[in-house]
Each structure stands twice: as C-alpha cells, then as structure tokens.
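Geometric and topological summary
Okay, here's what each chain looks like letter by letter:
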Amino acid sequence: MARNGKRVLAWLPPMAPSVVLLGLFVVGPIAWCLYAAFTNTALTGIAARRPQFVGLDNFKNLFTSADVGASLWLTVLFVLGSAVVGQNGAGMLLAVFMQRRSRVLRGIVGTIVVAAWVLPEVVAAFAVYAFLNTNGTLNEVLGALGLGGQNWLYTAPLFAVVLANIWRGTAFSMLVYQAALSEVPSDLTEAAEVDGAGPVRRFWHVVLPVIRRTVVTNLMLITLQTLGVFALIFVLTAGGPDNKTRTLPLLMYEQAFKFGQIGYGTAIAVVLLALGAVFSLVYIRSLKTEV
Amino acid sequence: MRLSIVVNLVLAFVALLFLAPLLWLVTASFDARAGFAAKLPEQFTLSNFGAVLTWDVGGRPLLNGLLISGGAAVVTVVVAVLAAYPLSRYQLRFRRPFLYTILFTTGLPVTAIMVPVYGLFVRLNLIDSLAGTMLFMAATSLPMAIWMTKNFMDGVPVSLEEAAWVDGASPMQALRRIVLPLMLPGVAVVAIFNFIAAWGNFFVPFVLLLDPAKQPASVNIFSFFGEHGMVAYGQLAAYSIVYTTPVIGLYLLVSRALGGGFTMSGAVKA
C-alpha cells in the first residue's frame with residue numbers, strides 16, 4: 001500500500017495540470033456537446049436559464065431541415081475537393097516533381113508554397129479575396145490574355161473557397177510527402193528502372209505501396225483540419241451567396257450565435273464530429289485491409 | 001532530358017500560381033492608391049503602415065495577441081513537459097489509454113466544440129477574459145504538445161537520470177537539471193508552433209472575446225476589413241503584413257533550427 005501511495009505521488013502531481021486543463025476545456029465540452037444536443041438550451045430567454053430535455057427533437061429538426069442536408073453535402077464536397085483531391089494531390093505532385101531537382105528550384109518553389117501556409121488564416125483569406133475580386137489580379141491577367149473576367153466569389157463561390165483552401169493547405173501535404181519520399185529506399189526504384197519500368201509505373205507500383213501508411217495518415221489529418229475550417233470561408237463569402245458555401249461550421253455559428261439556438265447549434269456540432277468520425281473510420285479501415 | 005524540362009516548367013508554373021495571391025499583399029501595402037489587383041505602386045508610400053500603426057488598430061490588438069499566444073505557448077509547454085515525464089519514464093497502467101485519448105483529441109476540430117465552450121465560459125464568467133481564452137487555447141494545443149514532448153523525452157537516455165538519482169536528486173530535479181536541457185531545442189519548437197497557431201487563430205477569440213478592447217489582431221483585422229477594407233485596400237494590406245511578420249520570423253527561426261530544409265519526418269508516422 002505504502003508503495004502504491006508513493007507511486008501515485010510520483011505521477012499524479014506532474015500529470016494533474018494537463019488532466020485538469022484537458023478535462024475542463026476539451027473533454028468536458030465534448031461531453032456537454034453530447035448532452036446539450038438533446039436540450040432546448042438557448043442564449044437568452046427562459047430556455048437559457050432552465051433548458052429542458054427535448055429528446056431527439058433537435059436531431060429530428062436537423063434531419064428534416066433542408067439547411068442541414070445542404071450544409072452536410074457542401075461540407076463533404078469541400079473536404080473531398082479541397083483536401084482529399086486538392087491538397088493531397090497537389091502536395092504529392094509537388095513532392096514527386098521536386099525530387100532530384102536543383103537545390104535552387106526546390107528552395108524557390110518550396111518557399112512560395114510554404115509561404116501561403118504560414119500566413120494567418122484571415123490574412124490568407126484577404127489575399128484570396130483580393131485575388132478573386134472583380135478588379136483583382138486574376139481578372140487583370142485574364143483580361144490581358146483577352147479572356148473575360150467575372151466576380152468569382154459570386155459566380156463560383158464553392159469553387160473559390162475550395163481553391164482558397166488548396167492554396168493555403170497544400171504545403172502541409174507537400175512537406176509530409178517530401179519527408180516520406182526521401183525515406184523510400186533508392187535500390188527499390190533503381191531495380192524497377194533496370195527492369196524497364198517508366199517513371200509513372202515506378203511511382204504507382206514501387207513508391208506508392210511503400211508510402212501508403214503516410215498517405216492515409218496525411219489524408220486523415222488534412223480531412224479533420226478541413227472539416228473545421230471557418231475563418232477562410234467566413235471572410236471570403238460568409239457562407240453566401242445564397243448559402244452556397246455555408247458548410248457545417250458556418251451553419252453552426254449562424255444557428256448558435258446569431259440566432260441564439262445553442263442546443264440546435266450543438267446538434268450541428270455533433271453532426272460535424274460524426275462526419276469526422278466517419279471519415280476517420282474509412283481511413284483506418286483502409287489501413288487494416290493492408291496485405 | 002526532355003522530361004526534366006517539362007517537370008521544371010510545371011514546377012515554375014505552380015510556383016507562379018501560388019505566388020500570385022501573395023503579390024497583392026506586398027504591392028498594395030506600399031501603394032498610395034491601391035486597388036485589388038497586384039501592380040507596382042505608381043505612388044510609393046509608407047503612409048499605409050503609419051495609418052495602421054496606431055494604438056487602437058496595430059497596437060493594442062497586437063499586444064492582446066502577444067499576451068494570449070505567448071501565454072498559451074508558455075502554459076502549454078510547461079504543462080506538457082510535466083505530463084510527458086511520467087508518461088515517458090514510469091510504467092503506468094493507464095498509459096496506453098491516456099496516450100490514445102491524447103492522439104484522438106489531436107485530430108479533433110476545435111471548431112466543433114466552440115458552442116459548448118461558449119456556454120461554459122458564460123457559466124464561469126470568463127467571456128472577455130484574456131486569461132480564460134489563453135488557458136483554453138493552451139488546453140486545445142496540449143494533446144499535440146504532450147505527444148511531441150513525450151517523443152522528444154523518449155529520445156533522452158534514462159541512464160543519465162539514474163546517475164542523478166544515485167546522487168540523491170528527486171525525479172523533478174532530474175527533469176529540470178538533466179532531461180530538460182537536453183531536449184530544449186525540441187521544447188522550443190513546440191512552443192513556437194503553438195505560438196504561431198494561437199497567433200493565427202480567429203474563431204476562438206472571435207467567439208470568446210466580445211469587447212473590441214480585448215480582441216487580438218486576428219479578430220481586430222477582420223473588423224478592420226469589415227469597416228475600412230472596402231475602401232482602404234492599402235491599409236488592409238499593410239495591417240496584414242504587420243500582423244504576419246512575427247509569424248514569418250518565428251517560422252524562419254524554427255526551420256533554421258531544424259537544419260536548413262524543414263521536414264516533417266517523424267512527426268507524421270502511423
């Protein structure tokens with residue numbers, strides 16, 4: 001017993017601050033999320049002081065509301081387009097292309113791509129906002145080439161926010177894949193080259209299987225990251241026009257803080273978490289079916 | 001080597017695409033009559049910077065940001081180092097479940113818990129509290145920080161501490177005198193990354209700090225965009241540059257410290 005007590009004294013005091021902080025600010029809110037989603041909690045009024053248990057009402061409203069369905073779909077499109085295909089694909093492409101390039105070229109390309117990633121989210125959004133504006137750089141360039149411009153944020157809002165997120169996030173995937181590619185044993189690719197495999201086949205049959213776990217891990221990280229994107233869309237389009245870019249985080253913000261429906265907003269947050277869980281499960285399963 | 005030329009051209013083209021949106025920030029900030037398109041200033045000026053470097057615009061929000069991000073980085077690192085020590089050195093029954101929980105929360109989008117956190121802050125009377133916001137940010141970056149710190153600590157051989165224990169040092173003394181100095185570069189990297197993340201975070205202070213006098217630069221620059229951004233393009237660009245500079249400086253510091261090219265080997269491994 002005495003020994004046990006001494007051991008507790010050894011680990012508990014140093015662990016205590018992290019347990020308290022994580023419990024209060026991370027685990028607590030998640031638990032409350034799961035509870036409050038079943039109440040009619042509101043910011044003001046009677047429901048603010050005495051929230052009542054309303055069972056599955058919030059979720060019933062949620063799934064019968066066209067708003068949530070549309071937002072859920074937009075969020076999936078945003079994640080697939082900007083993270084899974086965009087950032088992941090562009091990052092992989094850059095990493096592969098930058099292999100065996102001159103130091104100077106690697107340095108310049110790498111620095112430019114990383115610069116977009118290092119910017120604070122709001123500043124990145126301003127830069128894209130100016131770039132895609134009616135009088136912005138893109139339209140000036142298109143005009144000089146004799147092509148007509150348009151107000152991209154208005155005519156193609158989802159495309160604009162997807163593009164913005166690819167621009168901002170590709171650096172992460174690029175850095176991850178650069179590290180992964182540098183660890184692929186060169187005798188493997190050389191052996192394939194001797195056997196007459198071209199660069200595409202070498203990549204597909206030799207390199208990709210080796211870095212598979214990194215690809216899945218990277219997909220998981222950027223998916224969860226992209227699910228939570230708020231400021232970028234909020235600054236660029238604020239969810240509009242006509243709610244065409246209102247992903248789940250923006251809908252949650254609108255319901256909870258603009259309309260004061262905390263319970264309903266929390267239910268939307270639960271949907272967001274569930275979506276993250278679904279994506280994660282798909283990724284984890286794809287790792288397990290490894291031969 | 002025709003393939004090589006094609007690859008070089010593709011890389012140059014992609015680099016140009018990535019560079020294009022950045023150009024406006026630089027050109028507009030020095031342009032007396034800036035628009036939304038990137039072009040060399042006809043009338044070069046520094047007045048945009050002068051206009052935003054006032055106490056209410058560039059001063060107090062940057063100071064608030066420094067307090068929140070700096071405080072969060074320090075708290076995170078201290079708490080993470082303390083927690084990492086038992087996790088790295090002792091045989092604990094709950095070690096695996098604890099580490100799995102940590103790993104799971106690493107991926108959690110913070111956006112998703114902001115509604116209940118707002119409710120919690122109202123209840124605890126912490127809305128508009130810089131310290132409260134700072135602690136919350138420290139808590140959300142803890143999982144990643146504990147994970148990384150533990151990995152760094154695992155790399156420090158236990159035999160060094162054993163010598164100290166023989167000489168009568170307590171585990172905490174050994175941590176402070178022997179382990180910590182050896183992993184200081186790693187700890188510094190964790191601190192700087194947390195600072196950069198907190199400095200750029202918009203949603204958390206946007207929800208938790210409603211008083212404009214308490215808001216950090218990330219939120220203040222957004223209000224500035226709403227109020228003046230549609231007219232004073234040059235000032236918006238100048239403010240963006242002032243707000244971004246510390247992050248770029250710290251990033252360069254970290255990438256130098258990690259040996260020239262910054263790579264992520266080891267950080268992302270399943």
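Conventions adopted
Residues numbered from 1 in each chain as written. Chains lettered and ligands numbered in written order. Predicted model: local features only at pLDDT ≥ 70, side-chain atom pairs only at ≥ 80, totals over all residues. Heavy atoms only, no water. Helix = DSSP H or I, 4+ residues; strand = E, 2+ residues; numbered from the N terminus. Buried < 20%, exposed > 50% of the residue type's maximum accessible area, 1.4 Å probe, protein only. Contact = heavy atoms within 4.5 Å. UniProt positions renumbered as here; feature names shortened; annotations may be inferred. Domains from an automatic or database assignment. Buried area = accessible area lost by both parts, 1.4 Å probe. Salt bridge = Lys/Arg side-chain N within 4 Å of Asp/Glu carboxyl O. Polar contact = N/O pair within 3.5 Å; in protein donor to acceptor, adjacent residues only side chain to side chain. pLDDT = per-residue confidence, 0-100.

1. So, the overall build of chain B
Per the secondary structure count, chain B includes 12 helices and zero strands. Helices and strands in chain B line up, N terminus first, as α-α-α-α-α-α-α-α-α-α-α-α. Taken along its principal axes, the extent of the C-alpha atoms in chain B is 70 × 65 × 35 Å. Looking at chain B as a whole, 51% of its 270 residues are labelled buried. Contacts spanning at least 24 positions in sequence make up 69% of the contacts within chain B whose residues lie at least 6 apart.

2. Details of the UniProt feature "transmembrane region" (unreviewed entry) in chain A
Residue and element names in this part refer to chain A. Under the present numbering, the feature "transmembrane region" (unreviewed entry) in UniProt falls on residues 12-38, 72-96, 108-132, 152-177, 219-241 and 261-284. With 96% helix and 0% strand, residues 152-177 has its two end C-alpha atoms placed 31 Å apart. In this annotation, residues 261-284 is assigned 96% helix and 0% strand; the end-to-end C-alpha distance for the span is 35 Å.

3. Description of the domain arrangement of chain B
All names here are of chain B. What the domain assignment reports for chain B is domain 1 (1-45) and domain 2 (58-257). The C-alpha centroid of domain 2 is placed 33 Å from the C-alpha centroid of domain 1. The contact between domain 1 and domain 2 buries some 610 Å² in all, and 82% of this surface belongs to carbon and sulfur atoms. Looking at the side of domain 1 facing domain 2, the largest losses of area belong to Leu25, Ser29 and Phe36, adding up to 56% of the total buried there. Our count for the domain 1 to domain 2 interface comes out at zero salt bridges. Counting across the domain 1 and domain 2 interface gives zero residue pairs in polar contact (both at pLDDT 80 or more).

4. Looking at the confidence of the model for chain B
Predicted confidence across chain B gives a mean pLDDT of 85, with 94% of residues reaching 70 or more. Helix α2 (residues 47-52) of chain B is the least confidently modelled element of chain B, averaging 81 in pLDDT, while helix α10 (residues 203-208) of chain B averages 94, the highest of any element.

5. Structural notes on the interface of chain B and chain A
Chain B puts 76 residues into the contact, and the matching count from chain A is 74 residues. With both chains or domains summed, chain B and chain A bury close to 6900 Å², and 84% of this area falls on carbon and sulfur atoms. Linking chain B with chain A are zero salt bridges, by the criterion used here. Linking chain B with chain A are four residue pairs in polar contact (both at pLDDT 80 or more), by the criterion used here.

6. Regarding the pattern of salt bridges
Inspection of every chain in the model, using the stated rule, returns five salt bridges over all chains. In this structure, A:Asp67 engages A:Arg246 in a salt bridge whose closest nitrogen and oxygen atoms are separated by 3.2 Å. Placement of A:Asp67 in helix α4 (residues 66-98) and of A:Arg246 in the loop between α13 (231-236) and α14 (248-258) is noted, with a sequence separation of 179 residues between them. Classification of A:Asp67 by relative accessible area gives partly exposed; the value is 34%. A relative accessible area of 7% means that A:Arg246 is categorised as buried. B:Arg60 is the salt-bridge partner of B:Asp56, the closest N and O atoms lying 2.9 Å from each other. Of this pair, B:Asp56 and B:Arg60 are both found in helix α3 (residues 55-89), four residues apart, which corresponds to roughly one turn of the helix. Taking relative accessible area as the criterion, B:Asp56 reaches 46% and is therefore assigned partly exposed. Several salt bridges converge on common partners, so that one network encompasses A:Asp67, A:Arg246 and A:Glu254.

7. Some points on the side chain of B:Ser29
Residues and elements named next belong to chain B. With respect to the helices, strands and loops of the structure, Ser29 is situated in helix α1 (residues 2-29). One polar contact links the side chain of Ser29 to the main-chain carbonyl oxygen of Val26, over a distance of 2.8 Å. Sequence-distant contacts of Ser29, defined by excluding residues within four places in its chain, comprise Trp24, Thr45, Asn48, Phe49, Gly234, Ala237, Ala238 and Ile241.

8. Observations regarding the UniProt feature "transmembrane region" (unreviewed entry) in chain B
Residue and element names in this part refer to chain B. In the numbering used here, UniProt assigns the "transmembrane region" (unreviewed entry) feature to residues 61-85, 97-121, 127-147, 182-210 and 230-254. Note that residues 127-147 is 86% helix and 0% strand, and that its end C-alpha atoms are spaced 30 Å apart. Annotation note: span residues 182-210, helix share 83%, strand share 0%, distance between end C-alpha atoms 42 Å.

9. Examining the side chain of B:Ser69
Residues and elements named next belong to chain B. With respect to the element layout, Ser69 can be found in helix α3. Here Ser69 falls in the buried class, since its relative accessible area comes to 1%. Excluding its chain neighbours within four sequence positions, the residues that come into contact with Ser69 are Phe195, Ala198 and Trp199.

10. Some points on unusual backbone geometry
In the Ramachandran plot, A:Asn243 falls in the positive-phi region, its phi being about 60° despite a non-glycine side chain. Tracing the backbone through its elements, the reader meets A:Asn243 in the loop between α13 and α14. The class of A:Asn243 is partly exposed, set by a relative accessible area of 39%. Look at B:Asn125: it is not a glycine, yet its phi comes out positive at around 60°. Relative to the helices and strands, B:Asn125 resides in the loop between α5 (114-123) and α6 (130-154). Residue B:Asn125 is classed as exposed on the basis of its relative accessible area, which comes to 68%.

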